[in-house]
Amino acid sequence: MTDYAATIRHLEPEARFTIYDNDYATLIWHDDTPKPTQAELDAAWPQVQYEQQRAEIETQRRNAYTQEADPLFFSYQRGEATEQDWLDAVESIKARYPYPEAP
């Protein structure tokens, strides 16, 4: 189901609008730009959803890199771990948090 508010914010970040209960029929457009049609928003939703999922994965990866891979990298730099230890940690994180398929 299309998240109309999220899709509008993605397509028209500065748009002013009101919508109730994610019901397109309640969409009130307070902007000078043309009001997007329901079909336009429905068509754009898969890309918006993909970008939201990708952003969430990037956050999860960034946190994991900070907690797991970065310490190994610095240990590797000091000669306390191998480069392969660090690369394995990076690959493990990528496998744990794979990117979604693009629409």
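See above for the structure.
None of these values were measured; they are calculated from a predicted model.

J.: Would you mind going over the packing of aromatic side chains with me for this structure?
T.: Centre-to-centre distance and the angle between the planes together describe a pair of aromatic rings. With the rule as written, the count across this model stands at six aromatic pairs. With centroids separated by 6.1 Å and ring planes inclined at 20 degrees, the aromatic side chains of F17 and W29 adopt a geometry described as stacked. Placement of the pair is F17 in strand β1 (residues 17–18) and W29 in strand β2 (residues 28–29), with a sequence separation of twelve residues. No difference in accessibility class separates F17 from W29, as the two residues are buried. Ring centres of F73 and F74 lie 5.5 Å apart, and the angle between their planes is 70 degrees; this geometry places the pair in the edge-to-face category. When its relative accessible area of 26% is taken as the criterion, F73 is described as partly exposed. Chaining the aromatic ring pairs together yields one cluster made of F73, F74, Y76 and W86. Over the aromatic face of Y99 sits the side chain of R54, whose NZ or CZ is 3.7 Å from the ring centroid. Taking the ring centre of Y99 as reference, the NZ or CZ of R61 above it sits at 4.1 Å.

J.: Just checking my understanding: could you explain the nonpolar core for this structure?
T.: Across soluble globular proteins, you tend to see nonpolar side chains buried next to one another. If you look at the biggest cluster of nonpolar residues, it comprises ten residues: Y4, A5, I8, A15, F17, I19, Y24, L27, W29 and L41. Ignoring any residue separated from it by four or fewer positions in sequence, one finds L41 in contact with T2, Y4, T7, I8, L11, Y24 and P36. Grouped together as the second largest cluster of nonpolar side chains are five residues, A64, A69, A89 and I93 included.

J.: When you look at the packing of helix α2 (residues 38–77) against helix α3 (residues 83–96) in this model, what are you seeing that I'm missing?
T.: Any two packed helices are characterised by the angle at which their axes cross and by the distance between the axes. As a packed pair, α2 and α3 sit with axes 8 Å apart at the nearest point and diverge in direction by 170 degrees. Classified by the interaxial angle, the pair formed by α2 and α3 is roughly antiparallel. Contacts between α2 and α3 involve R61, A64, Y65, E68, A69, L72, F73 and Y76 from the first element and E83, D85, W86, A89, V90, I93, K94 and R96 from the second. Here the contact of α2 with α3 is built from residues that sort into ten nonpolar, no polar and six charged.

J.: Sorry, what's going on with helix α1 (residues 4–11) here?
T.: For an α-helix, the turn length of 3.6 residues means that residues three or four places apart are oriented alike. Every buried residue of α1 is accounted for by Y4, A5, A6, T7 and I8. Buried-residue contacts for α1 involve β1, β2 and α2. Capping the start of α1 is the job of one residue whose side-chain oxygen sits 3.4 Å from the backbone nitrogen of A5: D3.

J.: I tried to follow α3 on my own but got confused; where do I start?
T.: For α3, with 14 residues, the first-to-last C-alpha span of 20 Å sits near the 20 Å given by 1.5 Å per residue. Taken together, the buried positions of α3 are A89, V90 and I93. Axial view of α3: buried residues confined to an arc of 95 degrees, hence all on one face. Looking at the buried positions of α3, the neighbouring elements they touch are α2.

Basis of the calculations
Per chain, the residues get numbers from 1 upward, laid out in the order the sequence is written. Only residues with pLDDT of 70 or above have their local features reported here, since the model is predicted, and side-chain atom pairs are shown and tallied only from 80 upward, although totals for entire chains, interfaces and linings are computed over all residues. To get the side-chain values, take all heavy atoms of the structure and skip hydrogens and water. When two rings of Phe, Tyr or Trp (its six-membered ring) have centres within 6.5 Å they constitute a pair, described as stacked for plane angles under 30 degrees, edge-to-face for angles over 60, and tilted for the intermediate range. Helix and strand assignments come from DSSP, with helices taken as H or I runs of at least 4 residues and strands as E runs of at least 2, each series counted from the N terminus. Exposed residues in this analysis have more than 50% of their type's maximum accessible area, buried residues have under 20%, and partly exposed residues fall in between, with area computed by a 1.4 Å probe over protein chains only. Our definition puts a charge over a ring when NZ of Lys or CZ of Arg is within 6 Å of the ring centre and also within 35 degrees of the ring normal. Remark: nonpolar core denotes a set of buried residues (Ala, Val, Leu, Ile, Met, Phe, Trp, Tyr, Cys) joined through side-chain atoms within 4.5 Å. Whether two residues touch is decided by their heavy atoms; if any such pair falls within 4.5 Å, the residues are in contact. Here, axes are lines fitted to C-alpha atoms. For helices the fit covers the stretch in contact, and angles between N-to-C directions go from 0 to 180 degrees. Note on angle classes: values under 35 degrees are labelled roughly parallel, values over 145 roughly antiparallel, values of 65 to 115 roughly perpendicular, and the remainder oblique. In this classification, the charged set is Asp, Glu, Lys and Arg, the nonpolar set is Ala, Val, Leu, Ile, Met, Phe, Trp, Tyr, Cys and Pro, and all remaining amino acids, among them Gly, are polar. What qualifies as a polar contact is a pair of N or O atoms within 3.5 Å, subject to a donor-acceptor requirement within protein and to the restriction that residues adjacent in sequence count only when both atoms come from side chains. A helix's residues, less one, multiplied by 1.5 Å, set its expected span. This arc corresponds to the set of directions leading from the helix axis out to the C-beta atoms.

These values are about where atoms sit, not about what they do.
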